[in-house]
Amino acid sequence: MADTVAHDTTDGLATITLNRPEAMNALNRETKEALRDALEAAAADTSVRAVLLTGTGRAFCVGQDLKEHIEALREHGGEALTTVDDHYNPITRAIATMPKPVLAAVNGVAAGAGFGFALAADYRIAADTAAFNTSFAGIALTADSGMSWTLPRLVGPARAADLLLFPRSVKADEALELGLVQRVVTAEELPDAALELARRLAQGPTASYAALKESLAFGAEHTLAETLAKEAELQVRAGSSEDHRIAVEAFVKKEKPRFLGR
């Protein structure tokens, strides 16, 4: 694993940390490849039951490393944008579709693709010093990293268009009001608060979480009738899990269930 991305797995929780603080965790090629590989490994690892994604320093991730990008443009022209297919799409897909919850702890600025990666997560907790910026139009680009799908679903199409057409810094309190994040804490509280939430997810009913992710994604694009049928299908799967049996037995005994993640 590259030094630009730290990766640790403990007690079912994979913590993946962007680690280029001197560059505000900008995404150079090494970082993009390491982040993609770390997320795909966590998705495939059955011992991982939840993922915590965060950054070091003043930023969560400010998106593409423009110093590297301009060199690629000079050398390859528009072909430099193959990074969307090669890196951003696999990263976003891994976060959004892995059969386990992903929590983004936004410790600072999240811009461009960094903002998109945070939006792809299932839960976002932000420091009160964090800020969000779509950034793309400011450098004459369009949205990537799934933002044209995630952003309107969180804030509505009109607000999404406003944030994309007129990029600006959205502070943490406004991000909470808009629904971009689910929780805001002080910068000092963020590491412990994020870890506590992530550990709760890692100790929870993993198959249930996987079904919930699938159901929410399906419902966003299908009719009520189709979604009801999908819910029935997923409920059979979740109801067949060992964790469901454990939970029901614990409920009858008035005990707290201890989930196994299967």
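For the structure itself, consult the block above.
Everything numeric here is computed off the predicted structure, so don't read it as measured data.

Caption draft 1: Summary view of the environment of Thr-92. Checked against the element boundaries, Thr-92 lands in helix H3 (residues 83–97). Overall, Thr-92 belongs to the buried group, its relative accessible area being 11%. With 53 residues separating them in the primary sequence, Thr-92 and Ser-145 have C-alpha atoms 5.8 Å apart. Among all residues touching Thr-92, those that are not within four sequence positions of it are Phe-117, Ala-120, Ser-145 and Gly-146. At 3.3 Å, the side chain of Thr-92 and the backbone oxygen of Ser-145 are in polar contact.

Caption draft 2: Spotlight on the packing of aromatic side chains. Applying the stated criterion across every chain, the model contains two aromatic pairs. Where Tyr-88 meets Phe-117, the ring centres are 5.9 Å apart and the plane angle is 65 degrees; that geometry is what we call edge-to-face. On the criterion of sequence distance, the pair formed by Tyr-88 in helix H3 and Phe-117 in helix H4 (residues 113–120) is long-range, its members being 29 residues apart. Just as Tyr-88 is buried, Phe-117 falls in that class too. Seen in terms of ring centroids, Phe-115 and Phe-132 are 5.3 Å apart; in terms of plane orientation they differ by 50 degrees. Their pairing is tilted. Here Phe-132 lies in strand E8 (residues 131–133) and Phe-115 lies in helix H4, a separation of 17 residues in the sequence. Taken as a pair, Phe-115 and Phe-132 share a single burial class, namely buried.

Caption draft 3: Structural view of H3. Given a rise of 1.5 Å per residue, 15 residues ought to cover 21 Å, and the 20 Å separating the end C-alpha atoms of H3 matches this to within 8%. Its axis deflected by about 30 degrees at Asn-89, H3 carries its strongest bend there, up to four residues before the proline Pro-90. Within H3, burial applies to Thr-83, His-87, Tyr-88, Pro-90, Ile-91, Thr-92, Ala-94 and Ile-95. Buried residues belonging to H3 abut helix H1 (29–44), strand E3 (50–55), strand E5 (102–106), H4 and helix H9 (206–219).

Caption draft 4: Region of the structure containing the pairing of E3. The buried count for E3 comes to six of six residues, which makes it a mostly enclosed element. The alternating pattern of E3 places Ala-50, Leu-52 and Thr-54 and Val-51, Leu-53 and Gly-55 on opposite faces, both of which are buried. Relative to E3, strand E2 (residues 13–18) is paired through six bridges, and the arrangement is parallel. Bridge pairing in E3 places Thr-17 opposite Thr-54. Pairing analysis gives four bridges linking E3 to E5, with the strands arranged parallel. Directly across from Thr-54, in E5, lies its bridge partner Ala-105.

Caption draft 5: Representation of the packing of H4 against helix H5 (residues 147–155) in the model. Close contact between H4 and H5 brings their axes to 9 Å; oriented N to C, the two are set at 60 degrees. The angle between H4 and H5 falls in the class oblique. Where H4 crosses over H5, the two elements pack in a sense that is left-handed. Contact residues: H4 offers Phe-115, Gly-116, Leu-119 and Ala-120, while H5 offers Met-147, Thr-150, Leu-151 and Leu-154. Class assignment for the residues of the contact of H4 with H5 results in six nonpolar, two polar and no charged.

Caption draft 6: Spotlight on the packing of H3 against H4. As a packed pair, H3 and H4 sit with axes 8 Å apart at the nearest point and diverge in direction by 25 degrees. Between H3 and H4, the angle is such that the two are roughly parallel. In this structure, the crossing between H3 and H4 has a hand that is right-handed. Listed contacts from H4 to Tyr-88, Ile-91, Thr-92, Ile-95 and Ala-96 of H3 are Ala-113, Phe-117 and Ala-120. Here the residues of the contact of H3 with H4 are counted per class, giving seven nonpolar, one polar and no charged.

Caption draft 7: Geometry of the sheet that holds E5. Across the sheet, which stays open at both edges, the six strands sit in the order E1-E2-E3-E5-E7-E10 with mixed pairing between neighbours. In this open sheet, the two strands that pair with only one neighbour each are strand E1 (5–10) and strand E10 (183–185). Each strand axis lies, on average, 20 degrees off the axis of its neighbour in the sheet, ignoring direction. Where E5 meets strand E7 (residues 123–127), four bridges bridge the pair, whose relative direction is parallel.

Caption draft 8: Representation of H9. In this model, H9 (14 residues) spans 20 Å end to end at C-alpha, consistent with the 20 Å of a helix rising 1.5 Å per residue. As for H9, its buried residues are in contact with H3, E5, helix H8 (190–202), helix H10 (224–239) and helix H11 (242–252).

Definitions and cut-offs
Chains are numbered independently. Their residues run from 1 in the order of the written sequence. Reporting in this predicted model follows two pLDDT cut-offs: at least 70 for local features of residues, and 80 or more for side-chain atom pairs to be given and counted; totals over whole chains, interfaces and linings ignore these cut-offs and use all residues. The side-chain quantities take in all heavy atoms of the structure and omit both hydrogens and water. The helix and strand labels rest on DSSP assignments: H or I over at least four residues marks a helix, E over at least two residues marks a strand, and numbering proceeds from the N terminus. When a residue's accessible area, from a 1.4 Å probe over protein chains only, is under 20% of the maximum for its type it is buried; when over 50% it is exposed; and in between it is partly exposed. When checking whether two residues touch, look at their non-hydrogen atoms; a contact exists if any pair is within 4.5 Å. Distance and chemistry together define a polar contact, namely a pair of N or O atoms within 3.5 Å, with one atom able to donate a hydrogen and the other to accept it when in protein, and with adjacent residues in sequence counting only for side-chain atoms on both sides. Any pair of Phe, Tyr and Trp rings, taking the six-membered ring for Trp, is counted once the centres come within 6.5 Å. Such a pair is stacked with planes under 30 degrees apart, edge-to-face with planes over 60 apart, and tilted for the rest. Expected span of a helix, by definition, is 1.5 Å for each gap between consecutive residues, and there is one gap fewer than residues. We define the bend at any residue as the angle between the axes fitted to the seven residues before and including it, ending there, and the seven starting there. By this definition, two strands are paired if DSSP reports at least two bridges between them. Orientation is described by axes fitted as lines to C-alpha atoms, over the contacting stretch for helices, and by angles from 0 to 180 degrees between their N-to-C directions. For classification, angles of less than 35 degrees are called roughly parallel, those exceeding 145 degrees roughly antiparallel, those between 65 and 115 degrees roughly perpendicular, and all remaining angles oblique. In this scheme the crossing of two helices becomes right-handed for a clockwise turn of the near helix relative to the far one and left-handed for an anticlockwise turn of less than a right angle. All amino acids are sorted into three groups, where Ala, Val, Leu, Ile, Met, Phe, Trp, Tyr, Cys and Pro are nonpolar, Asp, Glu, Lys and Arg are charged, and the leftover types, Gly among them, are polar.

In short, shape yes, function no, at least from these values alone.
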